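# Observations on the model geometry
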Amino acid sequence: MNNSIKNLLVWYQKNERQLPWRQTSNPYYIWLSEVILQQTRVDQGLPYYIRFTEKYPDIALLASANEQDVFKLWQGLGYYSRATNMLKAAREIVSTYHSEFPKNMNLLMKLPGIGSYTAAAIASMAFNMPHGVVDGNVYRVLSRLYGIATPINSSRAHTQFLVLTEELMSTHSPALFNQAMMELGALVCKPQNPDCLACPLQSNCFAFSHKQQGDFPVKTPKAKQKTRYLTYYVISVTTNGHAQFFLNQRKSTGIWANLFDFPSFETHQPLPFDQAIHQAIDNGLLPNDSFNITQVSNEYKHLLTHRILRARFISIQISGAIPANLIKSLLLINQTSLSEYPVPVLVERYLRDVKLIE
Ligand code: SF4
């Protein structure tokens, strides 16, 4: 196997994609790329990486950033808890470690949002420490290479694959080995139609020799995603000819933590229109009268990891007195300022469709 690993490293040096976080051993840039690329494809994450490194070229600048500015730059990537934790970790590194990433897995893993995977990526790629980085690509390559039938989404898989990765890398550069394995999975040992004839590991590969590439990796089927229904109230008032909208800042926990959206109700079944209006009146979102329904949107579907959201937006203009509850619990924002507030992608899609933002 050692010769195959040497072939892999040679292959990587000839074939690696020129990605900016590969051209550096600066832990800040490596960490940023890892945070951005979690749950995100490289082509989608690259522009975000460029924007972040241009606006915040070092960790001290990121640490001093305003949360809303960071969210705005993050908008469209989803999973906003990553951005929240990124900012917290940056502040902790600046305040506790004098802006230097600790060269220690345990200390790295104590930082917000940094789990064993990200810590291993920083430790190996920035500091060349011998820690294996096992992402989906590596699971696929190793499971095919050795014919491992352990479901890769089971709890024991991580330890098993990590031990194997660290054994294989033991006589090689950890930074190079980890990147080569991930790149092989991304470019050659792809989920469908792996290009085995171009693969540097082919002579040792179980799946290739048994023609079982399609049988690995093994995965336990996921539980069915639940569907939830969101009814949004896009409530506006017009003052001196200028439209203003009521925005809600979400709680600091749960999905879309700290982002802005419209007041809403989430239900297990679609909320019939009449009931949606009565519920809004009963909850003090609308007055008993003096309002006009101006539009009801089509349904917007949005996929989360464990849930499918189906959302509908009801546009309502209030013409009389504004309910006290609205003023107390929501922000009243000029239409022209709506684009300054970080919102979930689902809400952004709606705002663009109705031309409230560009
Ligand atoms: S030979 Fe084929 S299946 Fe085996 S590791 Fe290489 S690309 Fe993957």
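From a predicted model like this one, the values you see are computed outputs, not experimental measurements.

What counts and how
- Residues numbered from 1 in each chain as written.
- Predicted model: local features only at pLDDT ≥ 70, side-chain atom pairs only at ≥ 80, totals over all residues.
- Heavy atoms only, no water.
- Helix = DSSP H or I, 4+ residues; strand = E, 2+ residues; numbered from the N terminus.
- Buried < 20%, exposed > 50% of the residue type's maximum accessible area, 1.4 Å probe, protein only.
- Contact = heavy atoms within 4.5 Å.
- Areas by Shrake-Rupley, 256 points an atom, 1.4 Å probe, with all protein chains shown as cover.
- Lys, Arg positive; Asp, Glu negative; His and termini not counted.
- Charge placed at Lys NZ, Arg CZ, Asp CG, Glu CD.
- Salt bridge = Lys/Arg side-chain N within 4 Å of Asp/Glu carboxyl O.
- Core = buried A, V, L, I, M, F, W, Y, C linked by side-chain atoms within 4.5 Å.
- Near = heavy atom within 4 Å.
- Nonpolar A, V, L, I, M, F, W, Y, C, P; charged D, E, K, R; others polar.
- Axes fitted to C-alpha atoms, helices over the stretch in contact; angles between N-to-C directions.
- Parallel < 35°, antiparallel > 145°, perpendicular 65-115°, else oblique.
- Domains from an automatic or database assignment.
- Buried area = accessible area lost by both parts, 1.4 Å probe.
- Polar contact = N/O pair within 3.5 Å; in protein donor to acceptor, adjacent residues only side chain to side chain.
- Arc of directions from axis to C-beta.
- Phe/Tyr/Trp six-rings, centres within 6.5 Å; stacked < 30°, edge-to-face > 60°.

## Regarding the overall build of the chain
The number of helices and strands found in the chain is 15 helices and eight strands. Projected onto its principal axes, the C-alpha positions of the chain cover 80 × 50 × 30 Å. Per-residue burial over the chain gives 49% buried out of 358 residues. Across the chain, every contact between residues at least 6 apart in sequence was considered, and the portion connecting residues at least 24 apart equals 65%. Summed over all atoms, the accessible surface of the chain reaches about 17800 Å², with 50% contributed by carbon and sulfur. Charge separation in the chain, taken as the distance between the mean sites of 33 positive and 25 negative side-chain charges, equals 6 Å.

## Observations regarding the pattern of salt bridges
Overall, the coordinates contain seven salt bridges when judged by the stated rule. Here Glu-183 makes a salt bridge to Arg-22, at a shortest N to O gap of 2.7 Å. Here Glu-183, found in helix 11 (residues 174-187), pairs with Arg-22, found in the loop between helix 1 (2-15) and helix 2 (27-37); they are 161 residues apart in sequence, far enough to count as distant. Using a relative accessible area of 0% as the deciding quantity, one classes Glu-183 as buried. Residues Arg-310 and Glu-299 are paired through a salt bridge, measuring 2.6 Å at the closest nitrogen-oxygen approach. Placement of Arg-310 in strand 7 (residues 307-318) and of Glu-299 in the loop between strand 5 (291-296) and strand 6 (300-303) is noted, with a sequence separation of eleven residues between them. Overall, Arg-310 belongs to the partly exposed group, its relative accessible area being 24%. Residue classification places Glu-299 among the partly exposed residues on the basis of a relative accessible area of 45%. Shared partners join several salt bridges into a network, and the residues in it are Arg-17, Arg-22 and Glu-183.

## Digging into the nonpolar core
One finds Trp-31 and Phe-262 to be the most contacted residues of the largest nonpolar core, which totals 99 residues. Tyr-233, Leu-271, Ile-277 and Leu-330 belong to the second largest nonpolar core, which has 18 residues in total.

## Considerations on the site of the ligand
All residues in the neighbourhood of the ligand are listed as Arg-144, Val-188, Cys-189, Pro-194, Cys-196, Cys-199, Gln-202, Cys-205, Phe-208 and Gln-213. Class assignment of the residues belonging to the shell around the ligand gives a composition of seven nonpolar, two polar and one charged.

## Thoughts on unusual backbone geometry
With an omega of -5°, the peptide bond between Phe-216 and Pro-217 qualifies as cis. Relative to the elements of secondary structure, Pro-217 occurs in the loop between helix 12 (206-209) and strand 1 (226-239). In this structure, Trp-256 is a non-glycine residue whose phi angle is positive, near 55°. Considering the arrangement of structural elements, one finds Trp-256 in the loop between strand 2 (242-249) and strand 3 (260-261). Owing to a relative accessible area of 7%, Trp-256 belongs among the buried residues under this scheme. Of note, the phi angle at Asn-258 is positive, near 70°, even though the residue is not glycine. The residue Asn-258 is located in the loop between strand 2 and strand 3 in this model. The class for Asn-258 is buried, based on a relative accessible area of 13%.

## Considerations on the packing of helix 1 against helix 11
At a closest axis distance of 9 Å, the pairing of helix 1 and helix 11 adopts a crossing angle of 75°. Here helix 11 runs roughly perpendicular to helix 1, going by the angle between their axes. Residues Ile-5, Leu-8, Leu-9, Trp-11, Tyr-12, Gln-13 and Asn-15 of helix 1 pack against Leu-176, Phe-177, Gln-179, Ala-180, Met-181, Glu-183, Leu-184 and Leu-187 of helix 11. Taken together, the residues of the contact of helix 1 with helix 11 break down into eleven nonpolar, three polar and one charged.

## Things to note about the domain arrangement of the chain
Each assigned domain of the chain is listed here: domain 1 (1-11 + 133-221), domain 2 (26-127) and domain 3 (226-353). In total, domain 1 and domain 2 occlude about 540 Å² of area from one another, counting both sides; carbon and sulfur atoms represent 72% of this. Run the count over domain 1 and domain 2 and you get one residue pair in polar contact (both at pLDDT 80 or more). The greatest single-element share of the side of domain 1 that touches domain 2, amounting to five residues, is contributed by helix 11.

## A few points about helix 5 (residues 67-74)
Because the α-helix completes a turn every 3.6 residues, residues three or four places apart line up on one side. The set of residues buried in helix 5 consists of Val-70, Phe-71, Leu-73 and Trp-74. One face of helix 5 carries all of its buried residues, which in axial projection span an arc of 160°. Tucked inside the fold, the buried residues of helix 5 contact helix 2, helix 3 (42-55), helix 4 (59-63) and helix 6 (81-97). Backbone nitrogen of Gln-68 and a side-chain oxygen of the N-cap are separated by 2.7 Å at the start of helix 5; the cap is Asn-66. A positive phi of about 105° marks Gly-76, the residue just after helix 5.

## What about the packing of aromatic side chains?
The description of an aromatic ring pair uses the distance of the two centres, along with the angle that the planes make with each other. All told, the structure shown has 17 aromatic pairs when counted by the stated rule. Ring geometry for Phe-52 and Tyr-56: centres 6.1 Å apart, planes at 40°, overall tilted. Within the aromatic cluster, the residues linked to one another by ring pairs are Trp-21, Tyr-28, Tyr-29, Trp-31, Tyr-49 and Phe-101.

## Digging into the environment of Ile-333
Locating Ile-333 in the fold gives a position in strand 8 (residues 331-334). In this structure the C-alpha to C-alpha distance between Ile-333 and Phe-245, which are 88 residues apart in sequence, comes to 5.2 Å. Once residues lying within four places of it in the same chain are set aside, the contact partners of Ile-333 are Ala-243, Gln-244, Phe-245, Leu-247, Leu-338 and Tyr-341.

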